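Listed below are the residues making up each chain.
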Amino acid sequence: GLAKRSLESQPKRPERPFVLSRAFFAGTQKVGPIWTGDNTADWNHLQVSVPMLLALSVTGLPWSGADVGGFFGNPDGQLLARWYQLGVYYPFFRGHAHLDTKRREPWLFGEPYTSNIRQAIRTRYTLLPYLYTLFAEAHTDGAPIMRPVWYEFENDGKDVVLSGADNLFMLGPGLLVVPVTTENVGLAPGDTMEINAPGSSSQLWYSAEDGAVVRGGNVRIPVKDSAVPAYYRGGTIVARKDRARRSSRAMTFDPHTLVVALDTSGSASGRVFLDDGISQDTGSNRAMRRVAMSGGTLSCGGDEAHVWGKGTYTPAAEPSPEPASQGVIGRVFGTPPASKEVALNADDVARGMEVERVIFLGLPANKAFKAVFADGREEALVKSPYITPGLEATTSALTLRTPGVRLHQDWQLRIVAA
């Protein structure tokens, strides 16, 4: 009904409706998100939200979430902060409570809880380009957004252990999330927890806080109150937007950051989905771009047949380069009309596809590197002050700043020893 109303009221450029339901049946995934229902402000309900959402994800309902903070009851600052820190990785993320509960705006709980919740929400905003790409893949081939570890690592020889693991999960192919669902864990300096990191000992995982490397297997990892542990998977590239804004709409024309997490062979790949984020008809108004690093060369181009988890997607071939109004920008945002009702400026759109920085995880920290561009330019890589914005820490990451490339264009650059 809402989709039909949108088409009738805005025939030239109908916008996507938002349809939220708690009652659902087969086919609901085509309409909008659902949530797990009336939960309670309790540590057990925080913990059980993970297996519940993983079950929904793999049974065809990828856009799902749980009420952050619990619908009933009154969470204390620690529980609410931990729930936000986990909830920002839910496909559907929102705070929701019964009208008879106490007010729970983040600023009412004082420090460190207010800052920790603010940091969690900021992390969610930075990951929106990556999440949007995962949503596009879910729409195309049904791949879940929030994934059990066995979805990505079913043949690593640890199936018996991983099949029952619900104390950690994958967000798409590139991020491993370790929820903290036990009270007081991470409050004392030096606190740790044991996890079974997916993959063999050759699988690299890079801390989203400081880039510290963990390999697949039973390991102990540090836990703090500032964030739940999250790790970039070696061999993947994740697109982000790191500038802090008041809304996602305000981020539309902000540049991207690429996090390149190298595997043991020095390779990585990822995808970035581009469309206007508004209109319903995206038949030709979209582009899936592929970013990859191999043999020291980082490149961006049209996507190719690619397999994520168990789903296979074979998109149409990218057309030859065309003028901005006819190429990727034109396909994504439409060719600007001649009238004064132009909503989007081509220069602004292109600026939103600019790559502001590239963060490399896995390059030797004791060596100097530089980027060499096709036009002969050279730019030194510098030590990165952070992996995740707001979680400034001493890192081993190297950053290429303002490379002058854009995601809607094909390009290559080489990373070589300086």
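None of these values were measured; they are calculated from a predicted model. (Residues numbered from 1 in each chain as written. Predicted model: local features only at pLDDT ≥ 70, side-chain atom pairs only at ≥ 80, totals over all residues. Heavy atoms only, no water.)

**Q** Give me the side chain of Q119: which residues, what numbers.
**A** Mapped onto the elements of the fold, Q119 is located in helix α4 (residues 113–126). The class of Q119 is buried, set by a relative accessible area of 10%. (Helix = DSSP H or I, 4+ residues; strand = E, 2+ residues; numbered from the N terminus. Buried < 20%, exposed > 50% of the residue type's maximum accessible area, 1.4 Å probe, protein only.)

**Q** Tell me what's going on with the environment of R233, and back it up with residues and numbers.
**A** In this fold, R233 is placed in strand β10 (residues 230–233). Using a relative accessible area of 14% as the deciding quantity, one classes R233 as buried. Residues R233 and Y206, 27 residues apart in the sequence, show an inter-C-alpha distance of 6.5 Å. For R233, the residues in contact, after removing those within four places along its chain, are E152, F153, M170, P173, G174, Q203, L204, W205 and A261. (Contact = heavy atoms within 4.5 Å.)

**Q** Give me the packing of aromatic side chains: which residues, what numbers.
**A** Using the criterion set out here, one finds seven aromatic pairs in the structure. Here F18 and F92 contribute two aromatic rings whose centre-to-centre distance is 6.2 Å and whose plane-to-plane angle is 35°, an arrangement assigned as tilted. Of this pair, F18 sits in the loop between α1 (2–9) and β1 (34–35) while F92 is found in the loop between α3 (77–87) and α4, placing the two residues 74 residues apart along the sequence. Judged by its relative accessible area of 49%, F18 is partly exposed. Overall, F92 belongs to the buried group, its relative accessible area being 8%. Aromatic pair Y84 and F93: ring centres 6.0 Å apart, planes at 80°, arrangement edge-to-face. Overall, the relative accessible area of 12% leaves Y84 in the buried class. (Phe/Tyr/Trp six-rings, centres within 6.5 Å; stacked < 30°, edge-to-face > 60°.)

**Q** Which residues make up the sheet that holds strand β4 (residues 169–171), and what are the values?
**A** The six strands are arranged β3-β4-β5-β10-β7-β8 in an open sheet whose pairing can be described as antiparallel. At either end of the open sheet lies a strand with only one pairing partner, and these are β3 (146–147) and β8 (213–215). (Pairing = 2+ DSSP bridges.)

**Q** Break down the pairing of strand β15 (residues 297–302) for me, citing the residues and quoting the values.
**A** Two elements, strand β14 (residues 286–294) and β15, share six bridges in a ladder whose sense is antiparallel. Its bridge partner lying in β15, A292 is registered against S299. Taking the residues that link successive antiparallel strands as the turn, the β14-β15 hairpin has two residues, and the phi of G295 there is positive, at about 60°. Where β15 lies against strand β23 (residues 411–417), four bridges are found, and the strand directions are antiparallel. Note that in β23 the partner of C300 across the bridge is W411.

**Q** Break down unusual backbone geometry for me, with residues and values.
**A** Residues E111 and P112 are joined by a peptide bond in cis, for which omega reads 5°. Residue position: P112 is located in the loop between α3 and α4. Located in the positive-phi region is N184, a residue other than glycine, with phi close to 75°. Relative to the helices and strands, N184 is located in the loop between β5 (175–177) and β6 (192–197). Its relative accessible area of 44% is what places N184 among the partly exposed residues. Positive phi is not limited to glycine here, since T402 has a value of about 40°. Its place among the elements puts T402 in the loop between β22 (398–401) and β23.

**Q** Please provide a residue-by-residue account of the pattern of salt bridges, values included.
**A** Tallied over the entire structure, the rule returns 18 salt bridges. Between R220 and E194 there is a salt bridge, with its nearest N and O atoms 3.7 Å apart. With a gap of 26 residues between them, R220 in strand β9 (residues 217–222) and E194 in strand β6 connect regions that are remote in the sequence. Since its relative accessible area comes to 48%, E194 is described here as partly exposed. A salt bridge links D254 to R245, with the nearest nitrogen and oxygen atoms 2.8 Å apart. (Salt bridge = Lys/Arg side-chain N within 4 Å of Asp/Glu carboxyl O.)

**Q** For the side chain of Q203, give the residues involved together with the corresponding values.
**A** You can see Q203 is positioned in the loop between β6 and β7 (204–207). At 3.3 Å, the side chain of Q203 forms a polar contact with the backbone oxygen of G234. Not counting residues within four places of it along the chain, the set of residues in contact with Q203 comprises F153, P198, V214, R215, G216, R233 and G234. (Polar contact = N/O pair within 3.5 Å; in protein donor to acceptor, adjacent residues only side chain to side chain.)

Fair warning: the whole summary comes from geometry, so function is off the table for now.
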